[in-house]
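Given next are the chains, with one letter for each unit.
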Amino acid sequence: MNSRPIGIFDSGIGGLTVFKEVLKELPGESIIYLGDTARVPYGTRSKEIIEEFAVELAEFLLKKNVKCLVVSCNTISSTCLEAVQKVCEVPVIGVVDPAIKEAIKTTENKKIGVIGTNATIESGIYERKIKEMDSSINIFSQAGSLFIPLIEEGFSSHEAARQIAKEYLKRFDGTDIDTLILACTHFPLMTDIISEVIGSNVILVDSAKPTAKELKKLLTEKDLLSDNLLPVYQIFVTDAPDRVYKVSQRFFGNKLPVKPKKVTL
């Protein structure tokens, strides 16, 4: 047993969707979450800057004596996961592989769509890894970076979000996809609108639940599980903790375990 906390980090608040699923899957674990709300979004930045920011986030959590790290950001997981792993002496997992495995299990007609940030889509990681696992699958990709500021500002249910969703999701017209990977941990906060626009016949797959299950498997294999009766939760952000609390309450059902605190990296 290892009672040290799990570290989870993201470019903003989207990774709280992963935090929520880890709470369910591993109720005996203490968790420290860090969201870089001062510099979100990452998806339109260069690989070099994303890597620089990601390493800073990882180093902050390592100083908190975490026993493992979850990179709950598709942009970082897609572009520089290995760079993060290099600076860490603890296990590090990303969110790309768990989502891909879930999508491959889900699709029946072997036609999968992927929507993510510019950086994630341009990296080509989803196409590459899906083809490595099953070369017969057809993949259709679309960048959707404007979803992130809408979500961060609390406009995920606004008519503007619906119109932007219609524009982005045109890409999948005529493709006959039966599965769509939400390749950004922010995007599950727009599930209702995305499903409405693309159609209920398309199954949406996000990385939160698969990543939480992958994390449990990792901790079990490395004998790092904890059974804390009173786990401790901490949420840190680099800007606007009050706004983060207000927005994030929506997807925690007004039960966010602690209020976010502002920190400087």
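What counts, and where the lines are drawn
Residues numbered from 1 in each chain as written. Predicted model: local features only at pLDDT ≥ 70, side-chain atom pairs only at ≥ 80, totals over all residues. Heavy atoms only, no water. Helix = DSSP H or I, 4+ residues; strand = E, 2+ residues; numbered from the N terminus. Contact = heavy atoms within 4.5 Å. Axes fitted to C-alpha atoms, helices over the stretch in contact; angles between N-to-C directions. Parallel < 35°, antiparallel > 145°, perpendicular 65-115°, else oblique. Left-handed = near helix turned anticlockwise from the far one by under 90°. Nonpolar A, V, L, I, M, F, W, Y, C, P; charged D, E, K, R; others polar. Core = buried A, V, L, I, M, F, W, Y, C linked by side-chain atoms within 4.5 Å. Buried < 20%, exposed > 50% of the residue type's maximum accessible area, 1.4 Å probe, protein only. Arc of directions from axis to C-beta.

### Points about the environment of C88
And then number 1: Here C88 lies in the loop between helix 4 (81-86) and strand 4 (92-93).
And then number 2: Sequence separation between C88 and V55 is 33 residues; the distance between their C-alpha atoms is 9.3 Å.
And then number 3: For C88, the contacting residues outside a window of four places in its chain are A58, L62 and L69.

### Brief notes about the packing of helix 9 (residues 159-169) against helix 10 (residues 191-198)
And then number 1: For the pair helix 9 and helix 10, the least separation of the axes is 9 Å and the interaxial angle reads 50°. In this view, helix 9 runs oblique relative to helix 10, as classed from their interaxial angle. Once helix 9 is placed against helix 10, the crossing between them reads as right-handed. Along its contact with helix 9, which presents A161, R162, A165, K166 and L169, the element helix 10 presents I193, I194, E196, V197 and I198.
And then number 2: By residue class, the composition of the contact of helix 9 with helix 10 is seven nonpolar, no polar and three charged.

### Quick word on the nonpolar core
One recurring pattern in soluble globular proteins is that nonpolar side chains are buried together.
And then number 1: Judged by nonpolar contacts, the single largest core of 28 residues is most densely connected at I6, I8, F19, V22 and L215.
And then number 2: Contributions of two or more residues to this core are made by strand 1 (6-10), helix 1 (16-25), strand 2 (31-35), strand 3 (68-71), helix 11 (208-221), strand 9 (233-237) and helix 12 (241-248).
And then number 3: Residues in contact with L215, not counting those within four places in the same chain, are I6, V22, L26, C68, V70 and I93.
And then number 4: Ranked by size, the runner-up nonpolar core spans 26 residues in total, among them V84, V90, A119 and F236.

### Observations concerning the environment of A83
And then number 1: Inspection of the secondary structure assignment puts A83 in helix 4.
And then number 2: Judged by its relative accessible area of 17%, A83 is buried.
And then number 3: Sequence separation of A83 and F60 is 23 residues, and the distance between their C-alpha atoms is 15 Å.
And then number 4: In this view, A83 contacts E51 and V55; residues no more than four positions away in its chain are not counted.

### Notes on unusual backbone geometry
And then number 1: The residue after V40, namely P41, is reached through a cis peptide bond having omega 0°.
And then number 2: For P41, the position within the fold is in the loop between strand 2 and helix 2 (47-62).
And then number 3: For K110, which is not glycine, the phi torsion reads 60° and is therefore positive.
And then number 4: You can call K110 partly exposed: its relative accessible area is 34%.
And then number 5: In this structure, A240 takes a positive phi of about 50° despite not being glycine.
And then number 6: The residue A240 is located in the loop between strand 9 and helix 12 in this model.
And then number 7: Given a relative accessible area of 22%, A240 falls into the partly exposed group.

### Focus: helix 10
And then number 1: Those residues of helix 10 not exposed but buried are I193, I194 and I198. The arc that holds the buried residues of helix 10, viewed along the axis, is 115°, so those residues lie on one side.
And then number 2: At its buried positions, helix 10 is contacted by helix 8 (147-152), helix 9, strand 7 (179-183) and strand 8 (203-206).
And then number 3: Following helix 10 by one or two positions, G199 has its phi on the positive side, about 105°.

### Topic: the packing of helix 1 against helix 11
And then number 1: Running from N to C, helix 1 and helix 11 point in directions that differ by 50°, and their axes come no closer than 8 Å. Considering the angle they form, helix 1 stands oblique to helix 11. Note that helix 1 runs across helix 11; the crossing there is right-handed. Contact residues: T17, V18, E21, V22 and E25 in helix 1; A208, K209, T211, A212, K213, L215 and K216 in helix 11.
And then number 2: Considering only residue class, the contact of helix 1 with helix 11 consists of five nonpolar, two polar and five charged.

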